[in-house]
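# Summary of structural features
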Amino acid sequence: EFFKDDPGSAERMLQTISDRPDLEGGAYIPMNLFIFCSTFKANQYSLPDTITECYQGHVSELCFRECKKDERDVYIDPTLSELPEDLQDLLWRLGELAFKGLTAKPSKYIFTEQAIRKIFPEIKGKPHDSLFKGLLHLRIEKHGFRPTFSGNFSHVTLQEFFSALHLSRLSEKDQVMFWKEHISNPSFAVVLRFYAGLTKLTCKDFIPSCLVMPPATPTTAAPPNVAGATLQLPAKSDQQNPQLLILLHALHESQKKTIICETLKHLNSSLRFHDLGSFDVMVVLNCLARCTHLIELNMYGNRNPFPVESVKRLLHKNQKLQKLRHIVLDRLTEDDVVTMFTRTCSVKELELNITKFTSLSALMRV
């Protein structure tokens, strides 16, 4: 529909998505695909660096479209940093509604008339979607003799975006408390990812809020770059404890190199990740390329191929890395082997699962 008159752009769009595991994993959701397509077309056939920027652009486009219907000529910054006062107030209050819904027990995705009027008390009579610039969809219902209404965001991901927007406006103390409470909860992983994209993780107590007491084992090596540290980041990520993976996703979304490097100083020198998706693999490898004290990386139970270039970068940046286990590669050439393992590479133990390899002799020489 977006590219029916320009098939070549459709092909470029598909190629761009396939090269972006961070976006490809969410493209099966119709709303996400709509956002990616509209952003790609509006952004001169390219996509922003993060999914947060895609959603910021989507919200700004909806607001602009609704203002245009009202014959209102306004500038709406794609990052939402510069907005007319009434639009800014609308987004803040939608954030409050979204946040209260997600943090309720159980979480709420459909809001009653009472819940909506509590945050928008100025609503008179029967409201229309245009009041919310198309960001909240209303349904008119009838209970007895009195009509009522309910509302919901078009997709839970949009509600998560607005929840993160609200979280970013809380006091730093409340932001840290929320982070500590939900960092191990996969239900809030997307909220924390959006939060990182919006704030760039500039909260001064962000790093301490991520640290935990290490398990008492004689083989656990403390992070060498933090003198006398008793707290550190988890050394293992799996379904029972996904805290480290959720954190790395947030760091990656922030695109803030200084925060990433400073946080990774608290990593254990031996890490284990279990059963990662393709986007998880990309995030883990890209972040760990900035961890200079890593000695062992075990990716056990993973079936998704690892990007060869990301593995190369990991090996080149981590001069202390000695053990690399359960690495899945769908293709490996002789040049890849030479580049990866014969240039200042310190790896002594290596476990590879290679689908296609063009030359065994090069690997035998390593």
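Residues numbered from 1 in each chain as written. Predicted model: local features only at pLDDT ≥ 70, side-chain atom pairs only at ≥ 80, totals over all residues. Heavy atoms only, no water.

### Focus on the overall build of the protein chain
- Within the protein chain, the secondary structure is distributed over 16 helices and 8 strands.
- Burial status across the protein chain gives 49% buried among its 366 residues.
- Carbon and sulfur atoms make up 53% of the accessible area of the protein chain, which amounts to about 18,700 Å² in all. (Helix = DSSP H or I, 4+ residues; strand = E, 2+ residues; numbered from the N terminus. Buried < 20%, exposed > 50% of the residue type's maximum accessible area, 1.4 Å probe, protein only. Areas by Shrake-Rupley, 256 points an atom, 1.4 Å probe, with all protein chains shown as cover.)

### Let's talk about the sheet that holds strand β3 (residues 146-152)
- Spatial strand order, β1-β3-β2: 3 strands in an open sheet with antiparallel pairing. Among the strands making up the open sheet, the edge pair consists of β1 (111-112) and β2 (137-143).
- Two strands pair when backbone bridges link them, and β1 and β3 are joined in this way by 2 bridges, in the antiparallel orientation. Opposite Phe111, over in β3, you have Gly151 as the bridge partner. (Pairing = 2+ DSSP bridges.)

### Side note on the environment of Arg12
- One can find Arg12 in helix α1 (residues 7-18).
- Residue classification places Arg12 among the partly exposed residues on the basis of a relative accessible area of 41%.
- Apart from the residues lying within four places of it in its own chain, the contact partners of Arg12 are Phe40 and Tyr45. (Contact = heavy atoms within 4.5 Å.)

### Quick word on the layout of surface pockets
- Estimates place the volume of the largest pocket at around 770 Å³.
- For the largest pocket, the lining is made up of 31 residues, of which Val190, Arg193, His249, Phe279 and Asp280 are closest to its centre.
- The set of elements that each furnish at least two residues to the lining of the largest pocket consists of α2 (21-24), α7 (156-167), α9 (189-199), α11 (243-254) and α13 (278-288).
- In terms of residue count, the dominant contributor to the lining of the largest pocket is α9 (4 residues).
- Residue classes in the lining of the largest pocket are distributed as 14 nonpolar, 11 polar and 6 charged. (1 Å grid on protein atoms, 1.4 Å probe; cavity = no way out; pocket = protein on both sides within 12 Å on 5 of 7 lines; lining within 4 Å. Points joined across faces, edges and corners; volume = space filled by probe spheres on them. Nonpolar A, V, L, I, M, F, W, Y, C, P; charged D, E, K, R; others polar.)

### Structural notes on the pattern of salt bridges
- For the structure shown, the criterion picks out 16 salt bridges.
- Note that Lys204 is salt-bridged to Asp205, the shortest N-O span being 3.3 Å.
- Exposure remark for Asp205: the relative accessible area of 34% places this residue in the partly exposed category.
- With a closest N to O distance of 3.2 Å, Lys265 and Glu262 form a salt bridge.
- The partly exposed category is assigned to Lys265, whose relative accessible area is 33%. (Salt bridge = Lys/Arg side-chain N within 4 Å of Asp/Glu carboxyl O.)

### Here's the deal with the packing of aromatic side chains
- Under the counting rule described, the total for this entry stands at 12 aromatic pairs.
- Between Phe161 and Phe194 the ring centres are 5.4 Å apart and the planes differ by 90 degrees, which places this aromatic pair in the edge-to-face class. With Phe161 in helix α7 and Phe194 in helix α9, this pair connects stretches of sequence that are 33 residues apart. Across the pair, exposure class does not vary: Phe161 and Phe194 are buried alike.
- Each residue in the set Tyr55, Phe111, Phe153, Phe161, Phe162 and Phe194 is aromatic and connected to the rest through ring pairs, giving one cluster.
- Its end group placed over the ring of Tyr45, Arg12 keeps NZ or CZ at 5.1 Å from the ring centre.
- The ring of Tyr300 carries the charged tip of Arg272 above its face, separated from the ring centre by 4.1 Å. (Phe/Tyr/Trp six-rings, centres within 6.5 Å; stacked < 30°, edge-to-face > 60°. Lys NZ or Arg CZ within 6 Å of the ring centre and 35° of its normal.)

### Some details on the packing of α1 against helix α3 (residues 30-42)
- At a closest axis distance of 11 Å, the pairing of α1 and α3 adopts a crossing angle of 115 degrees. Like other packed secondary-structure pairs, α1 and α3 cross with a definite hand, here right-handed. Together, Ser9, Arg12, Met13, Thr16 and Ile17 of α1 and Phe36, Cys37 and Phe40 of α3 make up the contact between the two elements.
- Among the residues making up the contact of α1 with α3, the classes are represented as 5 nonpolar, 2 polar and 1 charged. (Axes fitted to C-alpha atoms, helices over the stretch in contact; angles between N-to-C directions. Left-handed = near helix turned anticlockwise from the far one by under 90°.)

### Looking at the confidence of the model for the protein chain
- This prediction gives the protein chain a mean pLDDT of 86; 90% of its residues lie at or above 70.
- Between residues 225-229, whose pLDDT stays under 50, and residues either more than four places distant or in other chains, the model counts 5 contacts. (pLDDT = per-residue confidence, 0-100.)

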